[in-house]
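# Chain and residue survey
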Amino acid sequence: MLDDLVSVQRTLRTTALTPAHVNQILHLADDLIGCLKQSPDQVTAHLFWRFKALPYVTQLSLTSAILGAVTGVRNQFNDTTLQHLVAGLLTLYSFNQAEIERQARQADGGNTRFPPLRPSSRLRSALRHSQLDVWDAVLDIAPSLPSWNGRLSPTALQPVQQVAVLSHRLARMLLPVADQRRMSWAQALSHLALHSSPQWRNWLAPLVDYPGLMPPGSVIRNKSGQTSLVLSVAQPDVIVRSLSGQQQDDIQVHRCQPTDKGLATQSIGRPQRLNQWWDERWQHQCDALLGITPLQHNTYRLDHPPPILLDIQTQLSNPVVDVAKLSTLISTEAPLVSHLLNIASRLNREQLTVKSVHHALMVLGYERANAELIQHALLLRLSQHYFPLQSAFLQFTRLRSILAQRLAGDDITLSLAMPTLATFANTGLFTHPGFKTRTQWRCQQQNALYDITTLHDHTDNASLHSHPLTLAKAWQQPASSIEALRLAATPPREMNTKSLIKRQATLLGLSLAGARMVYFGHSPDRHTETYLAQAFESLDTDHETFSRSLFDAATEIAVNCPLGR
């Protein structure tokens, strides 16, 4: 992998860029993330060793990329988003290699300011043309990176850019140039946390558990002066290999003490020497020790609904619902409880805060409470991994759900079903890979506003329509709801189905068109005008009622979920 990185940097310095080079860098980033997930301790160890055989700029690129990957994985970034963030960090220093190397060799004590970074305009143009916004966003901050030496405060920087700045700062502290002070990992992390605002510290917080303050690959010295290499983390213990004394090369479990001191980056010849320290004896110790701190958090499959939801369905299907048992069941999931209490408090006619699940069920009713729990659980699953457009999609989904409910009018059955249906109908936005590399939602198409496949200019848009069907089946939604999702983009006069399904499908198309008119300011084209006329006829409504529903939904969403364009 290091040879590939050196080759990429040589290419970026000397050769005109081609799409093949962009793909090569993305594959390199993907390999690095894959190695990190498969062997987190060995890859993390590269942060704390200075390899004499590698050029400084290569090691700086590798260190920044590993830091970005570790931070992204610990903060549950989407894999594709993280791949492009790492690709940006791998190429961040590739266009000023001579200046960076020259500064690394100087030891005059005066010029320790990092040289200005000037990314290739050819590369940035290629990234913009391919709509690889995340990668381009990392390179966009390159010219200002040398000035990020003071306090890190909230700015207009995007989250991926904030992580890139933090990775750069940490890498520079672990790999100082000239006669700058060398820092241990704990010192560098503490320094950065003290000089960051709470918004920035949120990205650093998960690093306290892994890699921890005594991370794999670091060298620690105890109060008696003996040094050990940390191999793995098992809070509050670490697995170490002794590097000195009579027990040299022994592997043991060590309880971290306040007197233990983490040392700054050590020097070694080649990276391959690190591999000999993580051997079978280390693996045996890991297998015997419970509680090894994992790199990744649990990831929940989208096509497997939370078991608690299925249990709730079972309880609600009983002829007589046991409210106490249902309340106890819901109370086992804190996120669902919080959401239910919040919704119930907002809708409580007595305008009092609802503090118990039992009270919330009484305020909302069983069917409304069940619908709210399904919607919230689904959105939690869809947003468990961060990508830049995530908040925009959550806002848009909330807007469409409210609009679908309002358009249902006084029909209680429809008004209860439509928010859940609209939420499922938007799931393709969260799962389409083409959106994971974007930082801005560019919806330039203004034709067929009722068809979700026109929300993205990618050539492969079929999944925007098909994936909601797959998820609705997996989450055991009624057959009528699944059929309505299938017909969501079909003009009402072309539907040959039952009245309820036709009304649900028409409301889905109408709510999407209305949400786009509110969110993007789109104007209906000829096809949309035809669809709206048929929808109004099918639902026995008119344009005035539709416009009033748009206004009411936009007002409500502005209060409860502000739109950020």
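Refer to the structure presented above.
The written sequence of each chain sets the order in which its residues are numbered from 1. Since the coordinates come from a predicted model, pLDDT governs what is reported: local features require at least 70, and pairs of side-chain atoms require 80 or more to be given and counted, while whole-chain, interface and lining totals use all residues. Calculated side-chain values reflect all of the structure's heavy atoms, with hydrogen atoms and water omitted.

## Comments concerning the layout of surface pockets
Using a grid of 1 Å spacing that covers the protein atoms alone, one calls a set of points a cavity when a 1.4 Å probe fits there but cannot get out, and a pocket when the set is open and has protein on both sides within 12 Å along at least five of seven lines; lining residues are those with an atom within 4 Å of a point. Grid points are joined across faces, edges and corners, and a volume is the space filled by probe spheres set on the points. In this structure, the largest pocket spans a volume of roughly 560 Å³. N370, I374, A417, Q477 and P478 are, among the 24 residues lining the largest pocket, the residues nearest its centre. Secondary-structure elements contributing two or more residues to the lining of the largest pocket are α13 (307–316), α17 (366–382), α19 (412–425), α22 (479–486) and α23 (499–519). A total of six residues in the lining of the largest pocket trace back to one element, the largest contributor, which is α19. Segments assigned H or I by DSSP are reported as helices when at least four residues long, segments assigned E as strands when at least two residues long, and all are numbered from the N terminus.

## What to know about the sheet that holds strand β4 (residues 237–242)
Here a strand pair is declared whenever DSSP counts at least two bridges between the two strands. The strand order β5-β4-β3-β2-β6 describes an open sheet built from five strands, whose pairing is antiparallel. At either margin of the open sheet sits one strand with a lone partner, and together these are β5 (251–255) and β6 (261–262). Strand direction decides the pairing type here: strand β2 (residues 219–221) and strand β3 (residues 227–234), joined by three bridges, are antiparallel. Bridge pairing in β3 places I220 opposite S228. Throughout, a residue-residue contact means that at least one pair of heavy atoms, one from each residue, lies within 4.5 Å. The angle between two axes is taken between their N-to-C directions and runs from 0 to 180 degrees, where each axis is a line fitted to C-alpha atoms and a helix contributes only its stretch in contact. Docked against the sheet, helix α12 (residues 280–288) engages β3, β4 and β5, running at close to 45° with respect to β5.

## Details of the packing of α23 against helix α24 (residues 526–539)
Between α23 and α24, whose axes approach to 10 Å, the crossing angle comes to 140°. One finds that α23 runs oblique with respect to α24. Once α23 is placed against α24, the crossing between them reads as left-handed. Touching K502, R503, A505, T506, L507, G509 and L510 of α23 are Y531, L532, A535, F536, S538 and L539, all from α24. Angular relationships are summarised with four words: roughly parallel below 35 degrees, roughly antiparallel beyond 145, roughly perpendicular across 65 to 115, and oblique for the angles in between. Two helices cross in a left-handed way if the nearer one is turned anticlockwise from the farther one by less than a right angle. They cross in a right-handed way if the turn is clockwise.

## Some remarks on α19
One fewer than the residue count of a helix, multiplied by 1.5 Å, yields its expected span. With 14 residues, α19 should reach 20 Å at 1.5 Å per residue; the first-to-last C-alpha distance of 20 Å fits that figure. The seven residues ending at a residue and the seven starting there each receive a fitted axis; the angle between those axes is the bend at that residue. The sharpest bend along α19 reaches about 35° and sits at M418, with the proline P419 one to four residues further on. For α19, a buried count of ten out of 14 residues is recorded, marking the element as mostly surrounded by other parts of the structure. If you check which residues of α19 are buried, you get L414, S415, M418, P419, T420, L421, A422, T423, F424 and A425. If you follow the buried residues of α19, they end up packed against α17, α18 (390–407), α20 (427–431), α21 (462–474), α22 and α23. Between the side-chain oxygen of the N-cap and the backbone nitrogen of T413 there are 3.1 Å, and the N-cap of α19 in question is D411. Here the term buried applies to any residue with accessible area under 20% of the maximum for its type, exposed to any over 50%, and partly exposed to those in between, with areas from a 1.4 Å probe on protein chains only. As used in this structure description, the phrase polar contact means that two N or O atoms lie within 3.5 Å; if the pair is within protein, one of them must be able to donate a hydrogen and the other to accept it, and residues adjacent in sequence are counted only when both atoms belong to side chains.

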